[in-house]
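Structural characterization, general
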Amino acid sequence: MTELTEDTLEFSYSPCPNDTFTFHAWSHGLLPDAPPLKVLHHDIDVTNGMAQRGEGDVLKVSYAVLPWVWERYALLPCGGALGRGCGPLVLTAQEGQSPESLAGRTVAVPSERSTAYLLFRLWAAEQVPGGVGEVQILPFHEIMPAVRDGRVDAGLVIHEARFTYQDFGLHCLADMGEHWESTTGLPIPLGAIIARRSLGAARLERLAESARASVRYAWDNPTASADYVRQHAQELAPEVVNQHIGLYVNEFTADLGEAGYAAVRGLLTRAAAEGLVPPMPTDALAFP
């Protein structure tokens, strides 16, 4: 890891393979022009809460939390997770269930302030008459066991769970990403990198350049991060780790671009219209 100095920034991101792969170079001092980091690994529900409390300089959060934190934190135009074919899944223990079967049922979700939850709520508003019943918040790695063991009726899963849910004997009732893409034509916005606005425009620009350089280093040196990724991969099989990285680290990680920003605006505008999040001003996503 890098030596800590007065220029050091606290950066909290998940231990998931896409994040450890993306930020390996930066967190290990391999980018000479990047500010040094104090890295903390937290589940996305934890970092969402940190952002809402104003804790930390740079954080990986759900896009869904932006309406609550945009005044304090700026969205970086790179380093996050968007894509196609990578959306959250609704899983059940029984095969062949319909969306209607979730009416009044208990569903486990990773966070009420997660993008996955927003996508789920937008889907359920159309597909589940009367809506679901109780929503339980569980760490994402506890959701599939809870569905398998009958403690909840269904689970909303993210990350590598799309590659491993069959190992738990579970079945996919619906793909939130497919629903989003088919109704909007846009990529799926999942995780965002945000930084304190109080750092100032010049430092924010430097952070964006550092995040982008870290992505490019990872692509140019794909095995350099192997030990770091494996250390935090929660005993995932190597092939699952590679699938995870291949799916979630893509062109949008290097640059949100027009389509990426359109996806984020589209999600938050729809969610605000449904009363799921506060409305945001049109310039809230502008960088820096």
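Cut-offs applied
- Residues numbered from 1 in each chain as written.
- Predicted model: local features only at pLDDT ≥ 70, side-chain atom pairs only at ≥ 80, totals over all residues.
- Heavy atoms only, no water.
- Helix = DSSP H or I, 4+ residues; strand = E, 2+ residues; numbered from the N terminus.
- Rg over C-alpha atoms; globule rule 2.2 N^0.38 Å.
- Buried < 20%, exposed > 50% of the residue type's maximum accessible area, 1.4 Å probe, protein only.
- Contact = heavy atoms within 4.5 Å.
- Axes fitted to C-alpha atoms, helices over the stretch in contact; angles between N-to-C directions.
- Parallel < 35°, antiparallel > 145°, perpendicular 65-115°, else oblique.
- Left-handed = near helix turned anticlockwise from the far one by under 90°.
- Nonpolar A, V, L, I, M, F, W, Y, C, P; charged D, E, K, R; others polar.
- Salt bridge = Lys/Arg side-chain N within 4 Å of Asp/Glu carboxyl O.

**A look at the overall build of the chain**
The helix and strand tally for the chain stands at 12 helices and 11 strands. For 288 residues, the compact-globule estimate of 2.2 N^0.38 gives 19 Å, and the C-alpha radius of gyration of the chain, at 18 Å, lies within 12% of that figure. Judged by the C-alpha coordinates and their principal axes, the chain covers about 55 × 45 × 30 Å. Counting only residues that meet the buried cut, the chain has 55% of its 288 residues in that class. Counting contacts in the chain only where the partners sit at least 6 residues apart, residues at least 24 apart contribute 82% of the total.

**Some details on the packing of helix α1 (residues 17–27) against helix α10 (residues 238–248)**
The N-to-C vectors of α1 and α10 enclose an angle of 70°; their axes lie 8 Å apart at closest approach. Considered as vectors, α1 and α10 are oriented roughly perpendicular to each other. Here α1 and α10 pass one another in a crossing that is right-handed. In contact with Pro17, Asn18 and Phe21 of α1, α10 contributes Val241, His244, Ile245 and Tyr248. Across the contact of α1 with α10, the residue classes break down as 5 nonpolar, 2 polar and no charged.

**Brief notes about the pattern of salt bridges**
Throughout the structure, instances matching the rule amount to 11 salt bridges. Across the pair Asp227 and Arg230 runs a salt bridge whose closest N-O atoms are separated by 2.5 Å. Here Asp227 pairs with Arg230, and both are found in helix α9 (residues 226–231), just 3 residues apart, close to one helical turn. By relative accessible area, Asp227 is classed as exposed at 56%.

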